[in-house]
Amino acid sequence: MEAPPPYSLCNPNKKSTIINRSYALLHSVAITSLIFYRLSSFFHSTPSLPLLLAFTSELILSVLWLLSQAFLWRPFTRQTFPERLLQDKNDDELPAIDVFICTADPEKEPPLEVMNTVLSAMAMDYPAEKLSVYVSDDGGCGLTLYAMKEAWEFGRYWVPFCTRFGIKTRCPKLYFSRYDDEFLGQGYEAEKEKIKLKYKLMEKKVQKAESNGKMLAEFNTKNHPAHVEVMQDESHNANDTNQVKMPRLVYVSREKNPSYHHHFKAGALNVLLRVSNMISNSPYILVLDCDMRCNDPTSAKQAMCFHLDPKINSNLAFVQFPQKFHNLSKMDIYDGQLRSTFLVKWPGMDGLQGPMLSGSGFYMKRKALYRDIVQEDTDFTQLKQYLGPSNELVKSLKSAKYNTDVTSRLLEETRFLASCKYEEGTQRGKQVGFLYMSLLEDYFTGFNLHCEGWKSIFYNPPSPAFLGTATTKLNDTLLQGSRWNCGALQVTFSKFCPLIYGLKSRMSLLQRMCYVYLSLQPFYFFPIWCLAIIPQLCLLHGIPLYPKVSNSWFMVFSYIFIMSQLKHLEEVLLTGDPIRTWWNEQRIWMMKAIISYTIGMLNAVLKLLGLKEANFIPTNKAADDEQITFYQKGLFNFQASTVVLTPLITLV
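Residues numbered from 1 in each chain as written. Predicted model: local features only at pLDDT ≥ 70, side-chain atom pairs only at ≥ 80, totals over all residues. Heavy atoms only, no water.

Hey, could you run me through the pattern of salt bridges in this one?
Side chains bearing opposite charge may pair, as long as their charged atoms lie close to each other. Per the counting criterion, the structure on display carries 20 salt bridges. With its nearest N and O atoms 2.7 Å apart, the salt bridge here joins Arg254 to Asp138. Within this pair, whereas Arg254 is found in the loop between strand 6 (248-253) and helix 9 (264-279), its partner Asp138 is found in the loop between strand 4 (131-137) and helix 5 (142-165), the two being separated by 116 residues in sequence. Assigned by exposure class, Arg254 and Asp138 land together as buried. Here Arg415 ties to Glu412 by a salt bridge, and the two come within 3.6 Å at their closest N and O atoms. Here Arg415 pairs with Glu412, and both are found in helix 15 (residues 408-417), just three residues apart, close to one helical turn. (Salt bridge = Lys/Arg side-chain N within 4 Å of Asp/Glu carboxyl O. Helix = DSSP H or I, 4+ residues; strand = E, 2+ residues; numbered from the N terminus. Buried < 20%, exposed > 50% of the residue type's maximum accessible area, 1.4 Å probe, protein only.)

Whenever I open this one, the sheet that holds strand 13 (residues 466-468) confuses me. Can you help?
Adjacent strands of a sheet pair through backbone hydrogen bonds, lying either parallel or antiparallel. Spatial strand order, 8-13-10: three strands in an open sheet with mixed pairing. On the outer flanks of this sheet lie strand 8 (293-294) and strand 10 (324-325), each paired with one strand and no other. Here strand 10 runs beside strand 13; their pairing, made up of two bridges, is parallel. Across the sheet, residue Phe325 finds its bridge partner in strand 13, namely Gly468. (Pairing = 2+ DSSP bridges.)

What exactly am I supposed to notice about the UniProt feature "active site" (unreviewed entry) in the chain here?
Using the residue numbers shown here, the UniProt feature "active site" (unreviewed entry) corresponds to Asp138 and Asp442. Judged by relative accessible area, which is 8%, Asp138 ranks as buried. Those residues in contact with Asp138 that sit more than four places away from it in its chain are Thr103, Ala104, Thr221, His224, Arg254, Lys256, Phe264 and Ala268. Among the polar contacts made by the side chain of Asp138, one reaches the side chain of Arg254 at a distance of 2.7 Å. Considering the arrangement of structural elements, one finds Asp442 in helix 16 (residues 441-451). With a relative accessible area of 13%, Asp442 lands in the buried category. The contacts of Asp442, once residues within four sequence positions are left out, are Leu357, Ser358 and Gly359. Separated by 2.9 Å, the side chain of Asp442 and the backbone nitrogen of Gly359 make a polar contact. (UniProt positions renumbered as here; feature names shortened; annotations may be inferred. Contact = heavy atoms within 4.5 Å. Polar contact = N/O pair within 3.5 Å; in protein donor to acceptor, adjacent residues only side chain to side chain.)

Is there a simple way to think about unusual backbone geometry in this case?
Note: most residues except glycine have negative phi, and most peptide bonds are trans. Located in the positive-phi region is Asp332, a residue other than glycine, with phi close to 45°. Structurally, Asp332 is set in the loop between strand 10 and helix 11 (339-350). Note on Asp332: relative accessible area 9%, which makes it buried. A positive phi angle is found at Leu338, which is not glycine, with a value near 50°. Judged by its relative accessible area of 17%, Leu338 is buried.

Sorry, what's going on with the UniProt feature "binding site: Mn(2+)" (unreviewed entry) in the chain here?
The UniProt entry lists Lys265 and Asp289 under the feature "binding site: Mn(2+)" (unreviewed entry), expressed in the numbering used here. Across 25 residues, the annotated set stays spatially compact, with a maximum C-alpha separation of 10.1 Å. In this fold, Lys265 is placed in helix 9. For Lys265, the residues in contact, after removing those within four places along its chain, are Cys102, Asp289, Gly359 and Glu441. As for its position among the elements, Asp289 is in strand 7 (residues 284-289). A relative accessible area of 21% means that Asp289 is categorised as partly exposed. Sequence-distant contacts of Asp289, that is, excluding residues within four places in its chain, are made with Ile101, Cys102, Thr117, Lys265, Gly359 and Ser360.

This is how it looks when you write it as C-alpha cells:
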C-alpha cells in the first residue's frame, strides 16, 4: 500500500552547504597559520603588552568564529502542504490552540496596537471553537482591559467579515491602510465600509479613554491584585448553524507585589499557562508579543503540518517562525530585520536539532513545557509538589477537557492561580513551564528543552506569518541588545553554562556549539575595544603589531580579513538583500559590540556579584514621528541616553 503524501518536506540546501564547508576549511587553515605565526614570534622576542592584547583578541575572535560555523554546517529549508492536512483531518479533528499575548506598559505598548494583534489572532483561519486568545496585562491597567472589551465587541463583526470574504490581511489597521482591494464577492464593498466605520468608532473610543488619562493614572506596574475576565459569546446556540462562532478572549492581569519576584515575561507566560489549563487546556500554544500581528491567517495550519506529522511529532517541542516587521525602511540602518539570525543561523540550526526559541511567533506543544512530570501513573501528591496547591489544576492536566461554561467558581480558581504566592515552593520556572533565572527566558527555556532531547523546527513561509514593529531608534536598538546579551551571560555564568551543562545532555556537538556561541557572543566586546584602540596607538608610536606588506605572512592576515568580508557579502546577496545591507550590518554590529555587548557584560557581572537587580524594560513601541523620519531617511539619531553614548564617545 502506497504511503500517503507528507504534510511537509525538508530540503537540505546543498549549494550553501558546499560553500560553507569549503570556506570553513580554508579559513581554519589561515587562522591556524596566524596563531602559529604569533606563537613563533614570541620565541624570538619578549612580547609587549600591546602584542599580547592583540593576540588575545585574535584568539577570542577565532574561537567565536569556529563556534559560529556550526550554524552554517547543514542549512535546511522547509515546505508545508496544509491542503493535504485538511484532506486527512476535518475541523473537528484539528487540535485546539491557545494564543498567549503579553503586554506590560500601555504607554510604551499602546492599547490600539495590542488590540490589532488580538483581533488578528482571533480572526485566524482556524476553527473558532478551537481558538482561545489570552492577553497578559502585566501593568494591570484599566485602559488595557477597556481596550480588550472594545476589541471583543468589534471582533463580533470583524471575525465573520474575514471568514465570509476570505480576507488575507486580518489585522484591521493594516487591512484598512491597503489600497489594493480586490473584488471579493457580492456585497463586499458595502460590508467593508460598515466594518471600517465600526473600526474608526472603536479607535475613537479608546483614544478618548486614553486622552482622559484617568485609567492610566490609576495603574501600578509593581503592585496590583490579580484579575481574570473571560469574554465569550454567551448567547451562542450550538444548534444554530447560521451563527458564526467566535474564539474566546481572556484578559489576565496577574497579582504583583513588591515583596515577590515576578520574573518578568517568563512569569507572565507561566500564569497564562496555568489559567489556560483551567479554561481551554489546548494541547498547543502560540506565543506572540503584543506588536506581533498575525499576517498570514493560515500559520496555525502550517504549524500543524509539522506537529501532526506522525514521523516527527513525538519529540517535536515547537515550530518557530521568523520575526518579520512591517515598518522596516529600505536602508534598515539598525538591522531591524535581524537578517543573519532568521535567514542564516536559524535555517542552519534547523538542519541540526532545531532553532532556538525566539520569544515570539512559535507554536509550542503544551506537553513539552511540563516535560515528563505529568504522566498517567504520576502520584497526585507528587504532582502538587511540582505544580502547586491547586487540586483543580492538577486534575485539568490529566484530562483533555475544554470548559464551555466559565463559572464564577472557576474564575475564582484562576485568580488564585494568578496570585504572586502561588509559585512558592513549586518547580514553576525551574523544571516546569517557561524557565526563570535569565532575562532571556526564550533562550534558556529552548536550551533546556534541547538538552532533554526535544527537537524544534524553523519554518520561513513565502508570506510572513507574523509582522511586528521594529525599533526605529538607536537608543532602543542598543538597549534591547544589551538586555539580550545580559540574559545570555546570566546563563553563561550559571551551572547551566552551555559549555559545561551541554556535555551531559542529549544535544549534538554542533547544536551545543550554536548555544555556546550565543552564550559567549558578548565577549566580542573585548577584541573590538582592543582593536579599536591598540593598533592606532601603536601606529602613532612606531610599535609593529603586524608583519610588513613585503613579508609573506602579511598574506595570512589579508586573507582572513578579506575572506571574512566576502563571506558576509555572499550571505547577504544569497538572502536577496542589496550590497548596502552588508555595509549597514557591519556598521551597526560595530556599535553593538562597543555598546550592547559592553553594557550587557557589565550588567551581568554586577548581577552576579549581587550589586544590581535584574531589570526588564519593555522596548518602546509607541510611534515617534521625528524618529521615524530620521530612520526612513537612513540617518542615525544620536539623541540617546548617556549610558548608550558614553562608550561610543569615549572611542571617538
